[in-house]
Amino acid sequence: MAYPKGLLTNRSIVKKNNYALISAEGRVNNIVPGFEGCEMTILASPKLGAGFVDYIIKMNPDGKNEKGFGGNGVETFVYCIEGNVTASADDESFKLTAGGYLYCPPDKKMYLKNTEKEPCRLFLYKKRYEKLDDMKTWVVTGNVNEMEYRIYEDMKNVLIKDLLPTDLAFDMNMHILSFEPGACHPFIETHYQEHGAYVLTGQGVYNLDNEWIPVEKEDYMFMSAYSLQAAYGVGREPFAYIYSKDCNRDPEI
């Protein structure tokens, strides 16, 4: 850090219980018990109005979480943005390269360790699991670079990847949505589900509660339930982001 060269500015917008845009330049590192050798920011949380917690992490060489993350009714998900990380679901370990991910069910803890000489960058998620009858989720791992896109809503220039099964046991899913330049959602959405979204590539203009806002790579967005939302892809490369969505449950009354 150094003295600023001009006026302090920040593109972030925070409207609690509605939506938020959190840009990279304003993020502050947090100390989170269990994480060692990590620079991590808490992005979305119940304090913002979310029913989940999202983090962005730079895990330095020898960085780790050996205490365990999640479990005891909390499901977790990690996505490797850059570099390599060893991710474990209790005693089952997986080597994740860029694009790799791991989902741990609520009865298993996640462990993370960077054994490489370079830092890795991770997108991390947790949520308290909502049970349905006697169904149970299971460990899921994969790499998005080995998965095929499918066409989104019959639009050939908007593509999606589903990272988790559509099985009713799962109360959430993770997706990657990609817009070619000039592509957009088919309509402005208004729905019960909430999202946390991290931009992986490109630039877009995002409708957040009917405000059109420029967004770009490394931006984070939170969209609360019923907050209006849609996007246009702009720029010279696909506008793509990874996002969470709660699903498969009937609202409680």
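The following refers to the structure shown. Since this is a predicted model, take the numbers as computed values, not measurements. (Residues numbered from 1 in each chain as written. Predicted model: local features only at pLDDT ≥ 70, side-chain atom pairs only at ≥ 80, totals over all residues. Heavy atoms only, no water.)

Some points on the pattern of salt bridges
Across all of its chains, the model carries nine salt bridges by this definition. Across the salt bridge formed by lysine 64 and glutamate 66, the nearest N and O atoms sit 3.6 Å from each other. A salt bridge links lysine 127 to glutamate 75; the shortest N-O distance between them is 3.7 Å. On the criterion of sequence distance, the pair formed by lysine 127 in strand β10 (residues 120-128) and glutamate 75 in strand β5 (residues 74-82) is long-range, its members being 52 residues apart. Since its relative accessible area comes to 7%, lysine 127 is described here as buried. (Salt bridge = Lys/Arg side-chain N within 4 Å of Asp/Glu carboxyl O. Helix = DSSP H or I, 4+ residues; strand = E, 2+ residues; numbered from the N terminus. Buried < 20%, exposed > 50% of the residue type's maximum accessible area, 1.4 Å probe, protein only.)

Brief notes about the sheet that holds strand β19 (residues 229-234)
Overall, antiparallel pairing links the three strands, which are arranged β17-β16-β19 in an open sheet. Each of the sheet's edge strands pairs with one partner strand only, and the pair in question is β17 (211-216) and β19. Pairwise comparison of adjacent strand axes, ignoring direction, gives a mean angle of 25 degrees for this sheet. (Pairing = 2+ DSSP bridges. Axes fitted to C-alpha atoms, helices over the stretch in contact; angles between N-to-C directions.)

A look at the pairing of strand β18 (residues 220-223)
Both faces of β18 are covered, namely the face carrying Tyr220 and Phe222 and the face carrying Met221 and Met223. Where strand β2 (residues 19-22) and β18 come together, four bridges link them in antiparallel fashion. Considered in β18, the bridge of isoleucine 22 is made with tyrosine 220. Relative to β18, strand β15 (residues 195-201) runs antiparallel, the two sharing four bridges. Paired with alanine 197 across the bridge in β18 is methionine 221.

So, the nonpolar core
The biggest cluster of nonpolar side chains holds 30 residues, and the ones touching the most others in it are Phe77, Tyr79, Phe123, Leu163, Tyr220 and Ile242. Within the residue set of this core, elements represented by two or more residues are β2, β5, β8 (100-104), β10, β14 (172-179), β15 and β18. Counting residues domain by domain, this core receives three or more from each of domain 1 (29-145) and domain 2 (147-246). Not counting the four nearest positions on each side in its chain, tyrosine 220 is found in contact with Ala20, Leu21, Ile22, Leu43, Ala44, Phe52, Asp54, Phe123, Gly196, Ala197 and Tyr198. Of all hydrophobic cores here, the second largest spans 23 residues; its members include Phe35, Cys38, Ile57 and Leu96. (Core = buried A, V, L, I, M, F, W, Y, C linked by side-chain atoms within 4.5 Å. Domains from an automatic or database assignment. Contact = heavy atoms within 4.5 Å.)

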